[in-house]
Structure formats: structure tokens, C-alpha cells
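Residue-level listing of the chains:
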Amino acid sequence: MEQCSTALEKLVKIGIALSSVRDLNKLLDIIVTQARELANCDAGSLYIKDGDSLKFVVSQNDTLARKLGASQQAEPFKPFNIPISNKSLSGYVANNGVIVNIPDAYDIPESAEYHFDKSFDQRSGYRTRSMIQLPMKDNEGGIIGVLQLINAMDSVGQVIPFSSDDEEMLLSMASQAAVAIKNARLNDDIREAHLDTIFRLGIAAEYRDKETGNHIRRMSHYSTIIAEQMGMPAERVEVIRLSSPMHDIGKVGIPDGILLKPGRLTPEERVIMESHTTIGAGILKDSNIPLLQLSQKIALSHHEKWDGTGYPDRVKGGDIPIEGRIVALADVFDALSNKRVYKEAMSIQETMGIIKDGSGSHFDPAVVGAFEKGMDRVMEIYEQYKEL
Ligand SMILES: [Fe+2]
Ligand SMILES: [Fe+2]
């Protein structure tokens, strides 16, 4: 009885842990770790259903890891696909939605429909004995993947078969895991759709402005390179990459007569044109999403100058958000170094001359320094998305 409640407690804990992991890859890894702990076994793998095939996504093996040493891996794990057919064990489990529990993988009777593929053992010197494979079914009964555990061990480390208690616990855990995977995938889809929409919103604004989608791509990359060179943490760099494309979103609010005017703007027209910063900030204001909050800051501050002569607020030096200072440089570098319908491209040398001249007046010297340090990668992006 006591053992029973312990198992249930473990399952509940695992369920809670799994439902809190949003990152799909992390989640898949945790599922295998938890399942191995639950059944006390040496190795485990996970296959995810991917159309008509199974994608082999996680592989853990304590014995082999010990043999190779903690830090190195002889054969780095690469995900691969196998077709779903009854011939392979995992394919059989995915196809029929049943558990296969085998005391010794080398003793599968000839009459069985599936067979065990010894090639991994032969390559690695591992001996697979007891093995259990379970279908991972979501709450609608759909098969999400297959969980495979190998070499259950008793308290002294001897390999034993998986018990029927193991079967029951693992099956329950596998369906919790399936639901968690389904949710994480949904999150991924929503996130991707969200980011794609944001990016296209940026492009929409640039279209009105005789600019191209490539301007958005290049300057987002340049901003990322600068942020990295400045030593910002990866997550912050990523937010800059995704929010910089919206710097000119406020241009959707500028009348065509001004936005598309071929000649010089009158002082009155210039004031209206410069309001694309405050219009952009207005579009993006009051969001709870950090990405949009940063986009708002960038939209507002990307025309401010280091010496306080920029617009709209004439903010100076370190009072300008760092992301605004970064995007300011990326934006100007790109505008100068590429051709537009109305102007020829400036050479990189000429462009860099102007950027360096502006260091300490237009641009933050630290941002200019970071940009110069990342010049090799800047040139790769420049070549890749060049206007033809
Ligand atoms: Fe702008
Ligand atoms: Fe721009």
C-alpha cells in the first residue's frame, strides 16, 4: 500500500513538472530522464511521430556515458527518421498502440512480427537486455510518439525484466508526457505565428516607404551582431533581433504626399515625417509582452543621437535606451550602404567613414566599436541580402 502511494506521488510530481516545461526539446529530454528514474533503468529513448515516420529525438544511456567520460561523446547524437512499419519495434508500437515488454531483446521469437535491430549494440558494444516500449497517447487517443526504456535494474544493479507495475506507471506517465508535448508544440506554433506576424508588420511599414523587406532583414541582423559583440546575454539578443524590425512601424501613419515625396521636405513636412517615431510608439504602447515593450522603446528612440540633437525627445547619451542606440547605427549603416530607388549605394569604406565620424556625436562610441568588431559577420549579411 505504501509503495502504491509513493508511485502515485511520483507520477503526480512528474505530471506537474512536465506541464511547466514550455521548451519542446527540454521537455523531451526531461520525459526520458523521469521515465528512467521511475523504472530505474540504464537507458532510454524517445521517438516522436512525424507524419508517416518516427523521429528519434532523445537518447540517454548511463553505461555508455560513463564509458565515454562525462564530457565527451564519441558519436554525437543526431535525430533521424525511421518509417512507421510493423517490422521495427518502435514502428510496431506506434502502429498498433500497444506496449511491448521483452525480458531479453536478443530472444524475440522468430514468429514475432517485429524484430530488434542490433546495429546500435554492435557499434557501441552495449548489450540491450530487458526492454519496454510504450505508445505515448494524447487525451484523444492519438499516438504522439514512442517511449523506449532499456535494462531495468534491481537494487544491486543487476539487469531484470520490466514488471507489470512498471508497465502501468510508465503508461500513465507516457500519456501525461504526450499531452505535455502536444501543448509545447502548440506553444511553439503560436510563438512562431506571433513572431512571423510581427516581422511582416515591419515589412508592411517599409513597403510604404520605398524600402524593401531586405532592409528589415539586414538591419535586424546587424542589430543582433552589435548586441552580441557588446556581450549581451543570448535571450536579450534574441529580443533585440525580433523587435528591431518594427522600428519604422509608425510610417504607416505618415501621409503618402510626405512619405513618398521625391524632393526635400519643408520644415513642416519634416516635423510630420519625424512623428513616425511617436506614432510607432503609440501603436506599440501598453503591451504586456516584453518583445512589444522593447519594440516600442526602439520605435521611439531610433532617431535620437548620442549628443542630444536627435528626435523626437532630444534624449542624450546613456539616457537613450541601449537598444535604440544599436538600431540607430544598424539603420543608418544599412540606408547608406544599399541602393534605393532614389539613390545609389555608398561603398562600405565611405559608409564606415560616416559612421566613425559620427561616433560620439550621432552614435554611441561603444556601439560603433561593437559594430566594427563584428564587421566580418556584417559583411556576410550585407552580401547575402544585397539589393540587386
Ligand atoms: Fe525611422
Ligand atoms: Fe529603417
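All values reported here derive from a predicted model rather than from experimental measurement.

1. A word on the domain arrangement of the protein
Alright, step 1. When the domains of the protein are assigned, the result is domain 1 (2–186) and domain 2 (209–384).
Alright, step 2. Computed over C-alpha atoms only, the centres of domain 1 and domain 2 are separated by 49 Å.

2. So, empty space enclosed by the protein
It is a probe the size of a water molecule, rolled over the atoms, that shows where empty space is left.
Alright, step 1. The final tally for this structure, using the stated rule, is 2 cavities of 30 Å³ or more.
Alright, step 2. Considering only enclosed or pocket space, the largest cavity measures out at about 60 Å³ in volume.
Alright, step 3. Lining the largest cavity, in full, are Ser-301, Glu-304, Trp-306, Ile-320, Gly-324, Arg-325, Ala-328, His-362, Phe-363 and Asp-364.
Alright, step 4. Looking at the lining of the largest cavity element by element, the count peaks at 3 residues for helix α13 (residues 322–337).
Alright, step 5. Broken down by class, the residue content of the lining of the largest cavity amounts to 4 nonpolar, 3 polar and 3 charged.

3. Thoughts on the coordination of the iron ion (ligand 2)
Alright, step 1. Bound to the iron ion (ligand 2) are the protein donor atoms His-215 (NE2), His-247 (NE2) and Asp-331 (OD), situated 2.2 to 2.4 Å from the metal.
Alright, step 2. Sequence positions of the donors to the iron ion (ligand 2) reduce to the motif H-x31-H-x83-D.
Alright, step 3. The two metals, the iron ion (ligand 2) and the iron ion (ligand 1), are separated by 5.1 Å. Residue His-215 is found in helix α7 (residues 213–229), and its partner Asp-331 is found in helix α13; the two are separated by 116 residues along the sequence. Asp-331 shares its class with His-215; the two are buried.

4. Quick word on the coordination of the iron ion (ligand 1)
Alright, step 1. Every protein donor of the iron ion (ligand 1) is listed here as Asp-248 (OD), His-276 (NE2), His-302 (NE2) and His-303 (NE2), and their distances to the metal cover 2.0 to 2.3 Å.
Alright, step 2. Taken together, the 4 donor atoms surrounding the iron ion (ligand 1) define angles of 83 to 172° at the centre, an arrangement classified as irregular.
Alright, step 3. Motif for the iron ion (ligand 1), donor spacing along one chain: D-x27-H-x25-H-H.
Alright, step 4. The exposure class of His-303 is partly exposed, given its relative accessible area of 21%.

5. Quick notes on the pattern of salt bridges
Alright, step 1. Inspection of the entire model under this criterion finds 13 salt bridges.
Alright, step 2. Between Lys-356 and Glu-372 there is a salt bridge whose closest N-O contact spans 3.5 Å. In this pair, Lys-356 is assigned in helix α14 (residues 348–357) and Glu-372 in helix α15 (residues 365–373), connecting sequence segments 16 residues apart.
Alright, step 3. Through salt bridges that share partners, Asp-138, Glu-140 and Lys-182 make up one connected network.

6. What about the packing of aromatic side chains?
Alright, step 1. All chains considered together, the criterion is met by 7 aromatic pairs.
Alright, step 2. Here Phe-56 and Phe-80 contribute two aromatic rings whose centre-to-centre distance is 5.0 Å and whose plane-to-plane angle is 70°, an arrangement assigned as edge-to-face. Of this pair, Phe-56 sits in strand β2 (residues 53–61) while Phe-80 sits in strand β3 (residues 80–83), and the two are 24 residues apart along the sequence.
Alright, step 3. A relative accessible area of 11% places Phe-56 in the buried class.
Alright, step 4. Between Tyr-222 and Phe-371 the ring centres are 6.2 Å apart and the planes differ by 85°, which places this aromatic pair in the edge-to-face class. Of the two residues, Tyr-222 is situated in helix α7 and Phe-371 in helix α15; the sequence distance between them amounts to 149 residues. Neither residue differs from the other here; Tyr-222 and Phe-371 are each classed as buried.
Alright, step 5. Members of the aromatic cluster, each reached through a chain of ring pairs, are Tyr-47, Phe-56 and Phe-80.
Alright, step 6. A cation over a ring is seen here: Lys-118 above Tyr-106, with NZ or CZ 4.4 Å from the ring centre.
Alright, step 7. Across from the ring centre of Tyr-106, 3.8 Å away, lies the NZ or CZ of Arg-127, which sits over that ring.

What counts and what doesn't
Residues numbered from 1 in each chain as written. Chains lettered and ligands numbered in written order. Predicted model: local features only at pLDDT ≥ 70, side-chain atom pairs only at ≥ 80, totals over all residues. Heavy atoms only, no water. Domains from an automatic or database assignment. 1 Å grid on protein atoms, 1.4 Å probe; cavity = no way out; pocket = protein on both sides within 12 Å on 5 of 7 lines; lining within 4 Å. Points joined across faces, edges and corners; volume = space filled by probe spheres on them. Helix = DSSP H or I, 4+ residues; strand = E, 2+ residues; numbered from the N terminus. Nonpolar A, V, L, I, M, F, W, Y, C, P; charged D, E, K, R; others polar. Donors = N, O, S within 2.8 Å, 3.2 Å for Na, K, Ca; no water. Buried < 20%, exposed > 50% of the residue type's maximum accessible area, 1.4 Å probe, protein only. Tetrahedral: all angles 85-135°; square planar, octahedral: opposite > 155°, others 65-115°. Salt bridge = Lys/Arg side-chain N within 4 Å of Asp/Glu carboxyl O. Phe/Tyr/Trp six-rings, centres within 6.5 Å; stacked < 30°, edge-to-face > 60°. Lys NZ or Arg CZ within 6 Å of the ring centre and 35° of its normal.

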